[in-house]
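Coordinates in review
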Amino acid sequence: MGTKRIRFWAGALVALGLLGVAACGQSERAPVPAPVAPPTIARADLFGEPVRFGAQLSPRGDRVAFLAPRDGVTNLWVMSVGAMDEARAVTDDRARGVRAFAWGADSATLLYQLDEHGDGNVRLYAVDAAGVGEARALTPAGARAEIVGLSAADPGGVVVSLNQRDPSWPDLFRIELATGAQTRLVRNGNTAAVRGFSRFVLDRENRVRLGLKTLADGSVEVFARDANARWYSLLSIPFEDSQGSQPLAFDADGRSFLMLDSTGRDRAALVRVDAYTAAKSVLGESARADVSDVWLDPATNAPEAFAAN
């Protein structure tokens, strides 16, 4: 066999080998899958009621109250810290549902609000946290009630703002949890000469200490109340600072209160204000932004931390 023929067969074998490799490569290439649309999110997952929300620990720390659906309507539930899988409903609203609640300072009573007719008139109810007995209304229908003060120094009562007398300027009442008996603390009002209070601040003894009035020019005047229930002007917040300045809570000694304050500053700071002289001392500030939130010790109201965005 000549050299020329050997080269021919060798070339033919190499060509067949390359064709085989190419064919194998084509047969092993996976087909490109068609794009698949992601699954649609169920509307109920976006807009439906959560399973549980708004949990609050009792002042004694032994129970947790939370909101959850009961037969499709949001109601108030309670469970023991030692038996977290044994929650029980303590309300049975069948209409608009419970939207806000708070523990009474006695750790045995739950206070909750119902907008029964969807007209903004929120009624305040009390119910035993152990589920004993029926819920009882503490405020009348047709008036808007808001919780203003709860205090360990007054475990049997709650201070509430109630606009039953004047829809625009709510009065302040102390309500006995057990009986619903009301004692008016402040008669609010608005006249041509004196504007009513838009907000009240209580101390840790549940005593009314501050009242805020929004003036015609948009500024806010902060009034303090002495031991004889007499009001006196303590300080003013200009219109341009009224959105970022507000009293927060009184210290345990009752002498001073904490406040977010941007008056005379370019950023709101956490300050302590003397309730008799209006003297201020800065407790916390950020070099870049307003102080926007403060953590307080629940037993003393002493500031523990602050936040700035």
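Residues numbered from 1 in each chain as written. Predicted model: local features only at pLDDT ≥ 70, side-chain atom pairs only at ≥ 80, totals over all residues. Heavy atoms only, no water.

**Some remarks on the overall build of the protein**
Quick note on the threshold: The way it works is that DSSP assigns letters per residue, a run of H or I at least four long becomes a helix, a run of E at least two long becomes a strand, and they are numbered from the N terminus. Exposed residues in this analysis have more than 50% of their type's maximum accessible area, buried residues have under 20%, and partly exposed residues fall in between, with area computed by a 1.4 Å probe over protein chains only. Any two residues having at least one pair of non-hydrogen atoms within 4.5 Å are treated as being in contact. All accessible-area figures derive from a Shrake-Rupley calculation using a 1.4 Å probe, and residue coverage is judged against the displayed protein chains alone.
Helices and strands together make up the secondary structure of the protein, namely two helices and 22 strands. Each of the 309 residues in the protein was classed as buried or not, and the buried ones make up 37%. Contacts in the protein between residues far apart in sequence, at least 24 positions, make up 28% of those at least 6 positions apart. Summing over all exposed atoms, the protein offers an accessible surface of approximately 17,900 Å²; the carbon and sulfur share of this is 54%.

**Topic: the pattern of salt bridges**
Put simply, the test is: The term salt bridge refers to a side-chain nitrogen of Lys or Arg lying within 4 Å of a carboxyl oxygen of Asp or Glu.
Scanning the model with the defined rule gives 17 salt bridges in all. Here Asp-92 and Arg-70 are joined by a salt bridge, their closest N and O atoms 3.8 Å apart. Of the two residues, Asp-92 is situated in the loop between strand 4 (83-89) and strand 5 (100-103) and Arg-70 in strand 2 (residues 63-70); the sequence distance between them amounts to 22 residues. Under the relative-accessibility criterion, Arg-70 is labelled partly exposed at 27%. One salt bridge in this structure joins Asp-274 and Arg-255, with 3.0 Å as the shortest N-O distance. Here the residue Asp-274 occupies a position in strand 19 (residues 269-274), and Arg-255 occupies one in the loop between strand 17 (246-250) and strand 18 (256-261), the gap between them amounting to 19 residues. Connected through shared salt-bridge partners, Arg-70, Asp-92 and Arg-94 make up one network.

**Let's talk about the environment of Gly-61**
Looking at the secondary structure, you find Gly-61 in the loop between strand 1 (53-57) and strand 2. Exposure remark for Gly-61: the relative accessible area of 32% places this residue in the partly exposed category.

**Points about the nonpolar core**
For the record, the criterion: Nonpolar core, defined: a set of buried Ala, Val, Leu, Ile, Met, Phe, Trp, Tyr and Cys residues in which side-chain atoms within 4.5 Å join the residues together.
Judged by nonpolar contacts, the single largest core of 17 residues is most densely connected at Leu-210, Leu-234, Leu-235, Phe-257 and Met-259. Residues within four places of Phe-257 in sequence aside, it is in contact with Leu-210, Leu-234, Leu-235, Pro-247, Ala-249, Phe-250, Asp-251, Val-271, Arg-272, Val-273 and Ala-275.

**Section: the sheet that holds strand 1**
Under the convention used in this document: Whether two strands pair comes down to DSSP finding at least two bridges between them. For helices, the fitted axis covers only the stretch in contact; all axes are lines through C-alpha atoms, and the angles between them, taken along N-to-C directions, range from 0 to 180 degrees.
Strands sit in the order 1-2-3-4 across an open sheet of four strands; the sheet is antiparallel. The open sheet terminates on both sides in strands that have one partner only, identified here as strand 1 and strand 4. Strand-to-strand twist across the sheet, computed as the mean angle between neighbouring axes with direction ignored, equals 30 degrees. With three bridges connecting them, strand 1 and strand 2 associate as antiparallel partners. Bridge pairing in strand 2 places Gln-56 opposite Ala-65.

**As for the layout of surface pockets**
Gaps left between atoms show up when a probe the size of a water molecule is rolled over them. Rule in force here: Grid points spaced at 1 Å over the protein atoms alone were grouped into cavities, where a 1.4 Å probe fits but cannot get out, and pockets, open sets with protein on both sides within 12 Å along at least five of seven lines, with lining residues defined by an atom within 4 Å of a point. Grid points are joined across faces, edges and corners, and a volume is the space filled by probe spheres set on the points. In this count, Pro and Cys sit with the nonpolar residues alongside Ala, Val, Leu, Ile, Met, Phe, Trp and Tyr, while Asp, Glu, Lys and Arg are called charged and the others, Gly among them, polar.
The space that makes up the largest pocket amounts to roughly 870 Å³. Counting only elements with at least two residues in the lining of the largest pocket, the list comes to strand 9 (145-149), strand 10 (157-162), strand 13 (199-202) and strand 17. A per-class count over the lining of the largest pocket returns 18 nonpolar, eight polar and seven charged.

**Describing the sheet that holds strand 9**
Taken in spatial order, the four strands make up an open sheet running 9-10-11-12, and their pairing is antiparallel. In this open sheet, the two edge strands, each paired with only one partner strand, are strand 9 and strand 12 (182-186). If you compare each strand with its neighbour and ignore which way they point, the axes differ by 35 degrees on average. Pairing of strand 9 with strand 10, which is carried by four bridges, proceeds in the antiparallel orientation. The partner of Ile-147 across the bridge, within strand 10, is Val-160.

**A closer look at the environment of Phe-257**
Locating Phe-257 in the fold gives a position in strand 18. Given the relative accessible area of 1%, Phe-257 is considered buried. Separated by 10 residues in the primary sequence, Phe-257 and Pro-247 have C-alpha atoms spaced 7.1 Å apart.

**Remarks on unusual backbone geometry**
A positive phi angle, near 65 degrees, is found at Ser-107, a position not held by glycine. Following the sequence through the fold, Ser-107 ends up in the loop between strand 5 and strand 6 (109-114). Judged by its relative accessible area of 3%, Ser-107 falls in the buried class. Of note, the phi angle at Asn-206 is positive, near 65 degrees, even though the residue is not glycine. The class for Asn-206 is buried, based on a relative accessible area of 9%.

**Topic: the packing of aromatic side chains**
Definition in use: Aromatic rings from Phe, Tyr and Trp, taking only the six-membered ring of Trp, are treated as a pair when their centres fall within 6.5 Å; an angle between ring planes under 30 degrees marks them as stacked, one over 60 as edge-to-face, and anything in between as tilted. Criterion for a charge above a ring: Lys NZ or Arg CZ within 6 Å of the ring centre, and within 35 degrees of the ring normal.
Taken as a whole, this structure holds six aromatic pairs when the rule is applied. Ring geometry for Phe-66 against Trp-77: centres 6.5 Å apart, planes inclined by 15 degrees, an arrangement best described as stacked. With a gap of 11 residues between them, Phe-66 in strand 2 and Trp-77 in strand 3 (residues 73-80) connect regions that are remote in the sequence. Take Phe-66 and Trp-77: they sit in the same class, and that class is buried. Every member of this aromatic cluster is reached through a ring pair, and the members are Phe-197, Phe-200, Phe-223 and Trp-231. The lysine or arginine in question, Lys-213, covers the ring of Phe-197, its NZ or CZ lying 4.7 Å from the ring centre. The ring centre of Phe-223 lies 4.9 Å from the NZ or CZ of Lys-213, which sits over that ring.

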